[in-house]
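As a plain string of letters, each chain reads:
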Amino acid sequence: MTILDGRKTSNDIKAEIKAEVDKMKANGEKVPHLAAVIVGNDGASLTYVGSKVRACERVGFESTMVRLPNTTSEIELLDTIEDLNNNDDIDGFIIQLPLPPQINTQKVLMAVHPDKDVDGFHPMNFGKMALDMSTFIPATPFGILELIDRYGVETKGKHTVVIGRSHIVGRPMSILMGRKGFPGNSTVTLTHSHTKNITQITSQADIIISALGIPNFLKAEMIKDDAVIIDVGITRVPDDSEKGYYITGDVDFENCSKKASFITPVPGGVGPMTIAMLLKNTLLAREQHRLHNR
């Protein structure tokens, strides 16, 4: 069994990005600039955005955090997005989710210019991805592809089962794993909360990508020997420790790891890859803007 080590791989990617940025600096070029917009004081969101800012510092990017109060109206947020769209200094930006209830999330994500949508959530970028065109791939699916690629996990002709159909992970993964090329060329089954006999489906899978958000949902008896298990779930489960919780994924790691050929841990698997690929998308955005402005 091989651990798909997201921490190590993400550090490798960050080192590669830093080398690219160092070259840019040496050539007197503008370095990539990532902005993050956060509305309100959600603890997990603040932690996540903070880690993105630190990652930018580490690779030599410029970063901007735009913090808005919880009472921000939809119009005020859309005005902020318009300012970022028109700011030539910023190569890409993200809107940290979730947003407060007074704001229509879909409307906000639609307002981000596709050329600066480094999260890959805009319908134009999602459509390009579905058509195998060059575009920004959402960071978590992009990270999963990179892990599969760097560890040489065979996907051609394999049966991939995706658990969960979110627009951020499940749906894009089902498209990407079925596309031509590597990673891809697999036969994909997309399962969700209304899927019947899910164990019958997962037990036939060569690759399982679980993005459900239910702790320890995938049990050892639900997988076949030598299956590849990619766990996207991350849930805080209350306990009696000093922290008051422990973090776990969708997969019963202890037992599934005894049968799997490759498996991602939680934490330390897919999570660190998400930020690394967000940086990679920002680097791609900078390159596109440089070519466009020649």
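Residues numbered from 1 in each chain as written. Predicted model: local features only at pLDDT ≥ 70, side-chain atom pairs only at ≥ 80, totals over all residues. Heavy atoms only, no water.

1. Some remarks on the overall build of the chain
Counting its regular elements, the chain contains ten helices and eleven strands. Against the compact-globule benchmark of 19 Å for 294 residues, the chain has a radius of gyration of 19 Å, which places it among compact chains. Looking at the chain as a whole, 50% of its 294 residues are labelled buried. Contacts spanning at least 24 positions in sequence make up 71% of the contacts within the chain whose residues lie at least 6 apart. Across the chain, 32 positive and 36 negative side-chain charges occur, with their mean positions spaced 4 Å apart. (Helix = DSSP H or I, 4+ residues; strand = E, 2+ residues; numbered from the N terminus. Rg over C-alpha atoms; globule rule 2.2 N^0.38 Å. Buried < 20%, exposed > 50% of the residue type's maximum accessible area, 1.4 Å probe, protein only. Contact = heavy atoms within 4.5 Å. Lys, Arg positive; Asp, Glu negative; His and termini not counted. Charge placed at Lys NZ, Arg CZ, Asp CG, Glu CD.)

2. Quick notes on empty space enclosed by the protein
In this structure the tally under the stated criterion is two cavities of 30 Å³ or more. In this structure, the largest cavity occupies an estimated 50 Å³ of space. Around the largest cavity sit Phe93, Ile94, Ile95, Leu109, Val112, Asp117, Asp119, Phe121 and His122, which together line it. With three residues, the top contributor of residues to the lining of the largest cavity is strand β4 (residues 92-95). Residues belonging to the lining of the largest cavity are distributed by class as follows: six nonpolar, one polar and two charged. Every residue lining the second largest cavity is listed: Leu34, Ala35, Ala36, Lys52, Val53, Cys56, Ser63 and Thr64. (1 Å grid on protein atoms, 1.4 Å probe; cavity = no way out; pocket = protein on both sides within 12 Å on 5 of 7 lines; lining within 4 Å. Points joined across faces, edges and corners; volume = space filled by probe spheres on them. Nonpolar A, V, L, I, M, F, W, Y, C, P; charged D, E, K, R; others polar.)

3. Focus: the packing of helix α1 (residues 6-26) against helix α6 (residues 139-150)
Close contact between α1 and α6 brings their axes to 11 Å; oriented N to C, the two are set at 95 degrees. Judged by the inter-axis angle, α1 sits roughly perpendicular to α6. Between α1, through Gly6, Thr9, Asp12, Ile13 and Glu16, and α6, the contact on the second element is made entirely by Glu146, Leu147 and Arg150. Residues belonging to the contact of α1 with α6 are distributed by class as follows: two nonpolar, two polar and four charged. (Axes fitted to C-alpha atoms, helices over the stretch in contact; angles between N-to-C directions. Parallel < 35°, antiparallel > 145°, perpendicular 65-115°, else oblique.)

4. Remarks on the layout of surface pockets
To locate leftover empty space, one rolls a probe as large as a water molecule over the atoms. By volume, the largest pocket amounts to about 1,600 Å³. Forming the walls of the largest pocket are 49 residues, and the residues nearest its centre are Ala44, Tyr48, Ile234, Gly271 and Thr274. Per element, the largest residue contribution to the lining of the largest pocket is eight residues, and it comes from helix α2 (residues 43-59). Its residues assigned to classes, the lining of the largest pocket shows 26 nonpolar, 14 polar and nine charged.

5. Describing the environment of Asn281
Relative to the assigned elements, Asn281 resides in helix α10 (residues 270-292). Separated by 130 residues in sequence, Asn281 and Tyr151 place their C-alpha atoms 21 Å apart. With residues up to four places along the chain from it excluded, the contact list for Asn281 reads Val118, Phe136, Ile137 and Phe142.

6. Digging into the sheet that holds strand β8 (residues 228-231)
Strand order across the open sheet formed by six strands is β1-β11-β8-β7-β5-β6, with parallel pairing between neighbours. In this open sheet, the two strands that pair with only one neighbour each are β1 (2-3) and β6 (187-191). Pairing of β1 with strand β11 (residues 262-263), which is carried by two bridges, proceeds in the parallel orientation. Bridge pairing links Thr2 to Phe262 in β11. This element, helix α7 (residues 170-178), spans β5 (159-163), β6 and β7 (207-210) of the sheet and lies at about 170 degrees to β6. (Pairing = 2+ DSSP bridges.)

7. Some thoughts on the nonpolar core
Counting 47 residues, the largest nonpolar core has Ile17, Phe61, Ile144, Met173, Ile209 and Ile230 as the members making the most contacts within it. Secondary-structure elements contributing two or more residues to this core are α1, β2 (33-39), α2, α6, α7, β7, β8 and α10. By residue number, the principal contributor to this core is α10, which donates nine residues. Excluding its chain neighbours within four sequence positions, the residues that come into contact with Phe61 are Ile17, Val21, Pro32, Cys56, Leu279, Thr282 and Leu283. By size, the runner-up hydrophobic cluster in this structure holds 17 residues, among which are Val66, Ile81, Leu84 and Val112. (Core = buried A, V, L, I, M, F, W, Y, C linked by side-chain atoms within 4.5 Å.)

8. Topic: the pattern of salt bridges
The final tally for this structure, using the stated rule, is twelve salt bridges. Across the pair Asp91 and Lys30 runs a salt bridge, and its minimum N-O distance is 2.9 Å. With Asp91 in the loop between α3 (74-86) and β4 and Lys30 in the loop between α1 and β2, this residue pair connects regions lying 61 residues apart in the sequence. Judged by its relative accessible area of 0%, Asp91 falls in the buried class. On the accessibility criterion, Lys30 (26% relative accessible area) is partly exposed. With a shortest N-O distance of 3.9 Å, Glu146 and Lys280 are connected by a salt bridge. Of the two residues, Glu146 sits in helix α6 while Lys280 sits in helix α10, which places them 134 residues apart along the sequence. Classification of Glu146 as buried rests on a relative accessible area of 10%. In this structure, a network of salt bridges that share partners links the residues Glu16, Glu146, Arg150 and Lys280. (Salt bridge = Lys/Arg side-chain N within 4 Å of Asp/Glu carboxyl O.)

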